[in-house]
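# Overview (structure and organization)
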Amino acid sequence: MGVLSRVAQGILALAMLAVIWGSFLYAKPAANFIGESSRIVFYHVPMAWIASLAFLLAAGYSALYLKRRRVEDDEAAAGAARLGILFCLLATVTGSIFARVMWNSYWNWDPRETSIVLLLLVYGAYLGLRGAVEDPERKATLSAAYALIAFVTVPFLMFAVPRMYASLHPDTVINSSGKIQMSSDIKLVFFSSLAVFTAVFAWMYALDRKVSRIVREAALAEEGAVAR
């Protein structure tokens, strides 16, 4: 199992290197996209996609916790939410860098920028809730209920609200024409980046789950030693 894991990690590392190479040396956005600065789309869009996926996982495992009351489901929901916040923050940072190049300002209070900050606040409150409640069962129950409610905001803040108002943000992937406005080289790197970053997220999530299990088992062993 360990050998297979190392091989998978090696393949993932090579795939990530290929995406980085493709994003800077293979794709030609200056000629057929929206300029050299748009190379950041190979990183910005995957970050936003993974944040949405992670928040969906958090909601799914929260629903499972409310149904089965298993501590593993609560840990899985919390881990997904933490990673979702991380990737949401990375999406915010990469978008801000793009804004600085395109509009000469890191922050413009554009609808897209505002909505993603609101999303960070929504899930930041989730972590605050987990930190404020000491009783494990009550913490898990309240967190699960909050995660389900919080996920209702994700499609609105990530997709709907930014498109209800005039925005400086270019709609190159999801747009009014319903077409992906990319040349073949950009499409290849873009969708490869989505796949590779999703795999990176899966690896990080698996690590988080493993660490949570080890911490829980160590705590139980310590309690058992104290009881004896």
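The structure presented is a predicted model; accordingly, all values stated were derived computationally and were not measured.

This part takes up helix H3 (residues 41-68). Over its 28 residues, H3 extends 40 Å from the first C-alpha to the last, a length consistent with the 40 Å expected when each residue adds 1.5 Å. Two residues or fewer past H3, Arg69 is found with a positive phi of approximately 55°.

A separate point is the pattern of salt bridges. What the rule picks out here adds up to seven salt bridges. In this structure, Arg68 engages Asp73 in a salt bridge whose closest nitrogen and oxygen atoms are separated by 2.8 Å. Given the relative accessible area of 2%, Asp73 is considered buried. Among the charged side chains, a salt-bridge network with shared partners connects Arg70, Glu72, Glu75, Arg209 and Arg216.

What follows is about a nonpolar patch on the surface. On the surface, Leu14, Leu17, Ile20, Trp21, Phe24, Leu25, Tyr26 and Leu188 cluster together into a nonpolar patch covering about 850 Å² of accessible area. Looking at which element gives the most residues to the nonpolar patch, the answer is helix H1 (residues 2-26), with seven residues.

Right, let's talk about the environment of Thr114 for a bit. With respect to the helices, strands and loops of the structure, Thr114 is situated in helix H5 (residues 111-132). Using a relative accessible area of 25% as the deciding quantity, one classes Thr114 as partly exposed. The spacing of Thr114 and Leu157 is 43 residues in sequence and 8.8 Å in space, taken between C-alpha atoms. For Thr114, the contacting residues outside a window of four places in its chain are Trp107 and Trp109.

Time to look at the packing of H3 against helix H6 (residues 136-151). Packing of H3 against H6 brings their axes to within 8 Å, and their N-to-C directions diverge by 130°. With respect to each other, H3 and H6 are oriented oblique. Judged by the sense of rotation from one axis to the other, the crossing of H3 with H6 is left-handed. Contacts from Ser52, Phe55, Leu56, Ala58, Ala59, Ser62, Ala63, Tyr65 and Leu66 of H3 reach H6 at Glu137, Ala140, Thr141, Ser143, Ala144, Ala145, Ala147, Leu148 and Phe151. For the contact of H3 with H6, the residue count by class is 13 nonpolar, four polar and one charged.

Let's shift gears to the confidence of the model for the protein. With 84% of its residues at a pLDDT of 70 or more, the protein shows a mean pLDDT of 86. The weakest mean pLDDT in the protein belongs to helix H2 (residues 29-32) at 60; the strongest belongs to H6 at 96.

A few words now on the packing of H3 against helix H4 (residues 71-103). Across the interface, H3 lies against H4 with an axial gap of 7 Å and an inter-helix angle of 160°. Considered as vectors, H3 and H4 are oriented roughly antiparallel to each other. With respect to the hand of their crossing, H3 and H4 are arranged in left-handed fashion. When grouped by side-chain class, the residues that make up the contact of H3 with H4 number 22 nonpolar, five polar and three charged.

This next bit is on the nonpolar core. Counting residues in hydrophobic clusters, the biggest one holds 46 residues, and the most contacted among them are Phe42, Phe55, Cys88, Leu119, Tyr123, Tyr126 and Phe201. Those elements that provide at least two residues to this core are H1, H3, H4, H5, H6, helix H7 (153-160) and helix H8 (184-227). For this core, the element with the most residues is H3, which contributes 11 residues. Beyond its immediate chain neighbours, meaning those up to four positions away, Cys88 contacts Ala51, Phe55, Ile116, Leu119 and Leu120.

Analysis parameters
Residues numbered from 1 in each chain as written. Predicted model: local features only at pLDDT ≥ 70, side-chain atom pairs only at ≥ 80, totals over all residues. Heavy atoms only, no water. Helix = DSSP H or I, 4+ residues; strand = E, 2+ residues; numbered from the N terminus. Expected span 1.5 Å × (residues − 1). Salt bridge = Lys/Arg side-chain N within 4 Å of Asp/Glu carboxyl O. Buried < 20%, exposed > 50% of the residue type's maximum accessible area, 1.4 Å probe, protein only. Patch = residues over 30% accessible without salt bridge, like charges linked within 9 Å, V, L, I, M, F, W, Y side chains within 5 Å. Areas by Shrake-Rupley, 256 points an atom, 1.4 Å probe, with all protein chains shown as cover. Contact = heavy atoms within 4.5 Å. Axes fitted to C-alpha atoms, helices over the stretch in contact; angles between N-to-C directions. Parallel < 35°, antiparallel > 145°, perpendicular 65-115°, else oblique. Left-handed = near helix turned anticlockwise from the far one by under 90°. Nonpolar A, V, L, I, M, F, W, Y, C, P; charged D, E, K, R; others polar. pLDDT = per-residue confidence, 0-100. Core = buried A, V, L, I, M, F, W, Y, C linked by side-chain atoms within 4.5 Å.

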